[in-house]
Amino acid sequence: MTTTTDGTAFAADWQTWHDEHEAARASEHGFLAITSIRWLTATPERFEDAPGTWSTDADGPVVELADGESLEIDGATVTGTHRFGPLPERSSTNVVWHAPDGVVVIEVARRGGSDVIRPRHPANPTRVEYTGTPSYAPDERFVVDARFAPFDEPRAVTVGSVVDGLQHVYTAPGTLSFDLDGPRTLLAFNGHGDGLHVLFTDRTSGVTTYAANRSLDIAAPDAEGRTTIDFNRATNLPCAYTEHATCPLPPAENRLDVAVEAGERLPA
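Summary of the structure given here. Keep in mind that what you see is a predicted model, and the values were worked out from it rather than measured. (Residues numbered from 1 in each chain as written. Predicted model: local features only at pLDDT ≥ 70, side-chain atom pairs only at ≥ 80, totals over all residues. Heavy atoms only, no water.)

Considerations on the packing of aromatic side chains
Counted under the stated rule, the structure contains seven aromatic pairs. Both rings, one in Tyr170 and one in Phe189, keep their centres 5.0 Å apart while their planes meet at 10°; by these two values the pair is stacked. Residue Tyr170 is found in strand β12 (residues 168-179), and its partner Phe189 is found in strand β13 (residues 183-190); the two are separated by 19 residues along the sequence. With respect to class, Tyr170 is no different from Phe189; both count as buried. One residue, Arg90, lies across the ring of Tyr170, its end atom 4.2 Å from the ring centre. (Phe/Tyr/Trp six-rings, centres within 6.5 Å; stacked < 30°, edge-to-face > 60°. Helix = DSSP H or I, 4+ residues; strand = E, 2+ residues; numbered from the N terminus. Buried < 20%, exposed > 50% of the residue type's maximum accessible area, 1.4 Å probe, protein only. Lys NZ or Arg CZ within 6 Å of the ring centre and 35° of its normal.)

Here you go:
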């Protein structure tokens, strides 16, 4: 277990992080603003929460804007037909619609081998009515030293999704070993920069925390594989708040047989 010399500073640091995370979640074009997820097909379709007629083919998503309709893409105003080109898996790009009732951001993305759009309206009730996510009080017992063990070669790991039939493929560079009421191991995915990312469940899942998953970013290990896991910073993925999400499920290896009473709890 890792401990700090000043519990007050530890709690203050956590509170600052938590407040910033909540602000980002509730931002005007964050995932709480998503009004729908539209799975594009070869058949052009119009949707009530986005301009244009949308479709997709081997060359990626296409939007055909009618007279009087426009989008802002990469800072330029676009009318008529726009082709986005093939999208890499798990990538997304945002375009802007100046709707009659305000600025709407439309996420154009690829998930599970399909192209989708997700309009983000700031006035969406899910966002407007959001009152925050309860969390466990920060507890240094859930800050643990960990050792990263890299695989000989990174592994492609397929996991399920909250959407039936949808799968995600992540790159796993190795495992993290630590002690939390006994020895534990987590399969780690590539994270931001050189950092690592884990998805996990534990004994609190479906009781006091979201049943499907929780998410945690971990600092890059040092040259000897040492890093720290702070479960106080475990967060809910978008699927805990909206049905318009395609969140991955944790791999079987990451079902921890211990109650991780730290981090975010079930949404209010």
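Quick notes on the environment of Ala234
Position of Ala234 among the secondary structure elements: in the segment after β16 (226-230). Sequence spacing of Ala234 and Leu199 is 35 residues, and the spatial spacing of their C-alpha atoms is 9.2 Å. Excluding its chain neighbours within four sequence positions, the residues that come into contact with Ala234 are Phe200, Arg214, Ser215, Leu216, Ala262, Gly263 and Glu264. (Contact = heavy atoms within 4.5 Å.)

Quick look at the sheet that holds strand β2 (residues 45-47)
Spatial ordering of the open sheet is given by β2-β3-β4-β7, a layout of four strands whose pairing is antiparallel. Looking at strand neighbours, the two that pair on one side only are β2 and β7 (81-83), the edges of this open sheet. On average, adjacent strands in this sheet sit at an angle of 30° to one another, irrespective of strand direction. Judged from the three bridges that link them, β2 and strand β3 (residues 50-57) form a sheet pairing that is antiparallel. Within β3, the residue paired with Glu45 across the bridge is Trp54. (Pairing = 2+ DSSP bridges. Axes fitted to C-alpha atoms, helices over the stretch in contact; angles between N-to-C directions.)

Quick notes on the environment of Leu176
As for its placement among the helices and strands, Leu176 is situated in strand β12. Sequence spacing of Leu176 and Thr77 is 99 residues, and the spatial spacing of their C-alpha atoms is 47 Å.

Notes on the layout of surface pockets
The computed volume of the largest pocket comes to approximately 1,100 Å³. His192, His197, Ser215, Leu237 and Pro238 are the residues nearest the centre of the largest pocket, which is lined by 38 residues in total. Every element with two or more residues in the lining of the largest pocket is listed here: α1 (7-25), β9 (102-111), β10 (114-120), β12, β14 (196-200), β15 (214-218) and β16. Taken together, the residues of the lining of the largest pocket break down into 15 nonpolar, 14 polar and nine charged. (1 Å grid on protein atoms, 1.4 Å probe; cavity = no way out; pocket = protein on both sides within 12 Å on 5 of 7 lines; lining within 4 Å. Points joined across faces, edges and corners; volume = space filled by probe spheres on them. Nonpolar A, V, L, I, M, F, W, Y, C, P; charged D, E, K, R; others polar.)

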